[in-house]
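Architecture and fold: a report
Listed below are the residues making up each chain.
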Amino acid sequence: MINPTKYIAGIKKDTCLGCGTCAEKCPVDAIILEDDKALVNQKICLGCGVCTRFCPINACTMETRPEKVFVPSNTFERVALEAIDQGKLGNFIFDNQISRVHKFLSEIINDFTKLPPVKRFLFKEKVYTQMFKMFSKQDRFKKIVENRPREQNLLPCPSRPGH
Ligand code: SF4
Ligand code: SF4
């Protein structure tokens, strides 16, 4: 549900030469060769665009992901969204592992936010945007938010300058 970009690599099968350059360059091994054609594992692909840059005949393209993905604006948002996605929002809010109260409260929040309707609600853009605004005012998160402007945290998409 959470991805560094909203793009995904695609292969034009009719033109792909099966040279394997894209597979070799992919930083997360998301491309394999099958029947002498490149094949993208969509579950692994980050949408970074490296493969597109190295394909000698433009058979490797970047496409918009069909499913809705959440693209974090900075490291803080990425960590917070991952916490929601993995049902660990409680650990994120109550992070004092020595405190029994924090442990107790984080378990309650975790159990509650694992419920599918609650998770769906938290993933609404308006809801998590408000939540992040609230979190970012807390001293312990301020540094992360202030030190990590959006541009430093997104992987560039070489085939779509400015994205
Ligand atoms: S877009 Fe990036 S992660 Fe996806 S297949 Fe290409 S190089 Fe690999
Ligand atoms: S680099 Fe291009 S031509 Fe070579 S395998 Fe990948 S998609 Fe096909």
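Every chain is numbered independently, its residues counted from 1 as its sequence is written. Just so you know, chain letters begin at A and ligand numbers begin at 1, following the order they were written in. Only residues with pLDDT of at least 70 are given local features in this predicted model, and only at 80 or more are side-chain atom pairs given and counted; all residues enter the totals for whole chains, interfaces and linings.

What follows covers the overall build of the chain. When helices and strands are counted, the chain shows 9 helices and 4 strands. Comment: elements are numbered from the N terminus, with helices defined as DSSP H or I runs of at least four residues and strands as E runs of at least two. Helices and strands in the chain line up, N terminus first, as β-α-β-β-α-β-α-α-α-α-α-α-α. Here the C-beta atoms are placed from the backbone, and a residue counts as buried if at least 20 other C-beta atoms lie within 10 Å of its own, exposed if 12 or fewer do, and partly exposed otherwise. Within the chain, the fraction of its 163 residues that count as buried is 20%. Here the contacts in the chain between residues at least 6 apart in sequence split such that 62% fall between residues at least 24 apart. Our contact criterion uses C-beta atoms placed from the backbone: two residues qualify when those atoms are within 7 Å.

This paragraph deals with the site of ligand 1. Lining the immediate environment of ligand 1, one finds 13 residues, of which C26, C45, C48, V50 and C51 sit closest. Among the residues forming the shell around ligand 1, the class breakdown is 11 nonpolar, 2 polar and no charged. We call a residue near a molecule or strand when its C-beta atom, built from the backbone, sits within 6 Å of it. The classification used treats Ala, Val, Leu, Ile, Met, Phe, Trp, Tyr, Cys and Pro as nonpolar, Asp, Glu, Lys and Arg as charged, and all other residues, Gly among them, as polar.

Let us look at the packing of helix α3 (residues 75-85) against helix α7 (residues 125-136). Under this scheme, a helix contributes an axis fitted over its contacting stretch, all axes are lines through C-alpha atoms, and angles between N-to-C directions fall in the 0 to 180 degree range. Running from N to C, α3 and α7 cross one another at 120 degrees; their axes reach a closest spacing of 11 Å. Viewed along their axes, α3 and α7 adopt a mutual orientation that is oblique. For the pair α3 and α7, the crossing hand works out as right-handed. Residues F76, E77, A80 and L81 of α3 form the contact with α7, whose participating residues are Y128, F132, F135 and S136. Here the contact of α3 with α7 is composed, by residue class, of 6 nonpolar, 1 polar and 1 charged. For classification purposes, angles smaller than 35 degrees are called roughly parallel, those larger than 145 roughly antiparallel, those between 65 and 115 roughly perpendicular, and all remaining angles oblique. Definitions for this section: a left-handed crossing has its near helix turned counterclockwise from the far helix by less than a right angle. A right-handed crossing has that turn clockwise.

Further remarks concern α3. Those residues of α3 that sit buried are F76, E77, A80, L81 and I84. When α3 is viewed along its axis, its buried side chains cluster within an angular range of 120 degrees and face the same direction. In the stretch just after α3, G87 is the one whose phi turns positive, near 65 degrees. Working definition: the arc comes from the directions between the helix axis and the C-beta atoms, pointing outward to the latter.

The next thing to look at is the site of ligand 2. Close to ligand 2 lie 13 residues, the nearest being C16, C19, T21, C22 and C55. Here the residues of the shell around ligand 2 are counted per class, giving 10 nonpolar, 3 polar and no charged.

With that settled, consider the confidence of the model for the chain. The pLDDT value tells you how sure the predictor is about a given residue, anywhere from 0 up to 100. The pLDDT averaged across the chain works out to 79; a share of 82% of its residues lies at or above 70. By mean pLDDT, helix α9 (residues 150-153) is the weakest element of the chain at 43, and strand β3 (residues 37-40) is the strongest at 96. Across residues 149-163 the pLDDT falls below 50, and counting only partners more than four positions away or on other chains, this stretch makes 23 contacts in the model.

The subject of this paragraph is unusual backbone geometry. Look at D35: it is not a glycine, yet its phi comes out positive at around 50 degrees. On the neighbour-count criterion, D35 (7 C-beta atoms within 10 Å) is exposed. Phi angles above zero are rare outside glycine, and D36 is one such case at about 65 degrees. Looking at the secondary structure, you find D36 in the loop between β2 (31-34) and β3. The exposed category is assigned to D36, around which 10 C-beta atoms lie within 10 Å.

To estimate the expected span of a helix, subtract one from its residue number and multiply by 1.5 Å. Taking 1.5 Å per residue as the helical rise, α7 with its 12 residues ought to reach 16 Å, and the 16 Å between its terminal C-alpha atoms agrees with that figure. With 0 of 12 residues buried, α7 is to be regarded as a mostly surface element.

What follows concerns the nonpolar core. Core membership is restricted to buried Ala, Val, Leu, Ile, Met, Phe, Trp, Tyr and Cys residues, and these are joined into a nonpolar core through C-beta atoms within 7 Å. A9, C22, C26, I31, C51 and C60 are the most contacted members of the largest nonpolar core, which has 17 residues in total. Going through the elements one at a time, β1 (7-11), β3, α2 (50-54) and β4 (60-64) are the ones with two or more residues in this core. Examining the composition of this core, we find that 3 residues originate from one element, β1, more than from any other. Sequence-distant contacts of I31, defined by excluding residues within four places in its chain, comprise C22, A23, C26, A38, L39, V40 and C51.

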